[in-house]
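Structure assessment
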Amino acid sequence: MKLDDQTRTSLEAAVYRRLVEHLRAHTDVQNIDLMNLAGFCRNCLSNWMKEAADAKGVPMSKDESRELVYGMPYEEWRTKYQREASPAQRAAFDSAGHKH
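Attention here is on the structure that accompanies the text. Since this is a predicted model, take the numbers as computed values, not measurements. Here the residue index of a chain counts from 1 through its sequence in written order. Whole-chain, interface and lining totals are the exception, using all residues; otherwise, since this is a predicted model, local features are given only for residues with pLDDT of at least 70 and side-chain atom pairs are given and counted only at 80 or more. The basis for every side-chain value is the complete set of non-hydrogen atoms in the structure, without hydrogens or water.

Moving on to the overall build of the chain. Along the backbone of the chain there are six helices and zero strands. If you line up the chain on its principal axes, its C-alpha atoms span 45 × 30 × 25 Å. Counting the 100 residues in the chain, one finds 25% classified as buried. Here the Shrake-Rupley method, with its probe set to 1.4 Å, supplies the accessible areas, and only the displayed protein chains count as covering residues. A total accessible area of about 7,100 Å² is found for the chain, and carbon and sulfur atoms account for 54% of it. In this charge count, Lys and Arg are treated as positive and Asp and Glu as negative; neither His nor the chain ends contribute. For this purpose, a charge sits on NZ of Lys, CZ of Arg, CG of Asp or CD of Glu. A distance of 2 Å separates the average location of the 15 positive side-chain charges in the chain from that of its 15 negative side-chain charges. Starting at the N terminus, helices and strands are each numbered in turn, a helix being any DSSP run of H or I of at least four residues and a strand any DSSP run of E of at least two. Categorising residues by exposure relies on relative accessible area from a 1.4 Å probe, with only protein chains included: less than 20% of the type maximum marks a residue as buried, more than 50% marks it as exposed, and the intermediate range marks it as partly exposed.

Listed below in structure tokens is the structure:
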């Protein structure tokens, strides 16, 4: 299937929004779990958002990009939802060599 650029971009944006909403709804899924299973997490998405903004000359801080992904300030999300990583989670993260 061949899509024109505008349609492709529109579809990609819709998929991204759905992914972010899914992650916001599943706060029980920890970032370390995402990293261990998929190699990316909410912070990666926010970093990619900031990189895209920087590339387009759109002013955006790291905190602003995180809030766009988390739906709230990052520290608020951490306080409400982040749990301490288990030794097994940490070992899996360390053995994968993730740089996060």
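Let us look at the packing of helix α2 (residues 31-38) against helix α6 (residues 87-96). Viewed as axis vectors pointing N to C, α2 and α6 meet at an angle of 45 degrees, and their least axial separation amounts to 9 Å. Comparing the axis directions of α2 and α6 gives the class oblique. For the pair α2 and α6, the crossing hand works out as left-handed. Contacts between α2 and α6 involve I32, D33, M35 and N36 from the former and Q89, R90, A92 and F93 from the latter. Its residues assigned to classes, the contact of α2 with α6 shows four nonpolar, two polar and two charged. Axes, fitted as lines to C-alpha atoms, cover a helix only where it is in contact. Angles between the N-to-C directions of the axes lie from 0 to 180 degrees. By the definition adopted for this analysis, an angle is roughly parallel if under 35 degrees, roughly antiparallel if over 145, roughly perpendicular if from 65 to 115, and oblique otherwise. For a crossing to be left-handed, the near helix must be turned anticlockwise from the far one by less than a right angle; the clockwise case is right-handed. Contact criterion: two residues are considered in contact whenever any of their non-hydrogen atoms come within 4.5 Å of each other. By the convention adopted, Pro, Cys, Tyr, Trp, Phe, Met, Ile, Leu, Val and Ala count as nonpolar, Lys, Arg, Asp and Glu as charged, and the other residues, Gly among them, as polar.

This paragraph deals with the packing of aromatic side chains. Side-chain rings of Phe, Tyr and Trp (the six-membered ring for Trp) are treated as a pair once their centres are within 6.5 Å; stacked means planes under 30 degrees apart, edge-to-face means over 60, and tilted covers the remaining angles. Per the stated rule, a full pass over the model turns up four aromatic pairs. Three or more aromatic residues joined by ring pairs make a cluster, and in this case those are Y70, Y74, W77 and Y81. In this structure, R66 packs its charged tip against the face of Y74, placed 4.0 Å from the ring centre. Here, a charge over a ring means that NZ of Lys or CZ of Arg falls within 6 Å of the ring centre while also lying within 35 degrees of the ring normal.

Nine residue types can take part in a nonpolar core, namely buried Ala, Val, Leu, Ile, Met, Phe, Trp, Tyr and Cys, and a core is a set of them joined through side-chain atoms within 4.5 Å. One finds L23, I32, L34, M35, C41, C44, L45, V69 and F93 forming the largest nonpolar core, which totals nine residues. For this core, the secondary-structure elements that each account for two or more residues are α2 and α3 (42-56). The biggest single contributor to this core is α2, with three residues. In contact with L45, other than residues within four places in its own chain, are Y16, L19, L23, F40 and V69.

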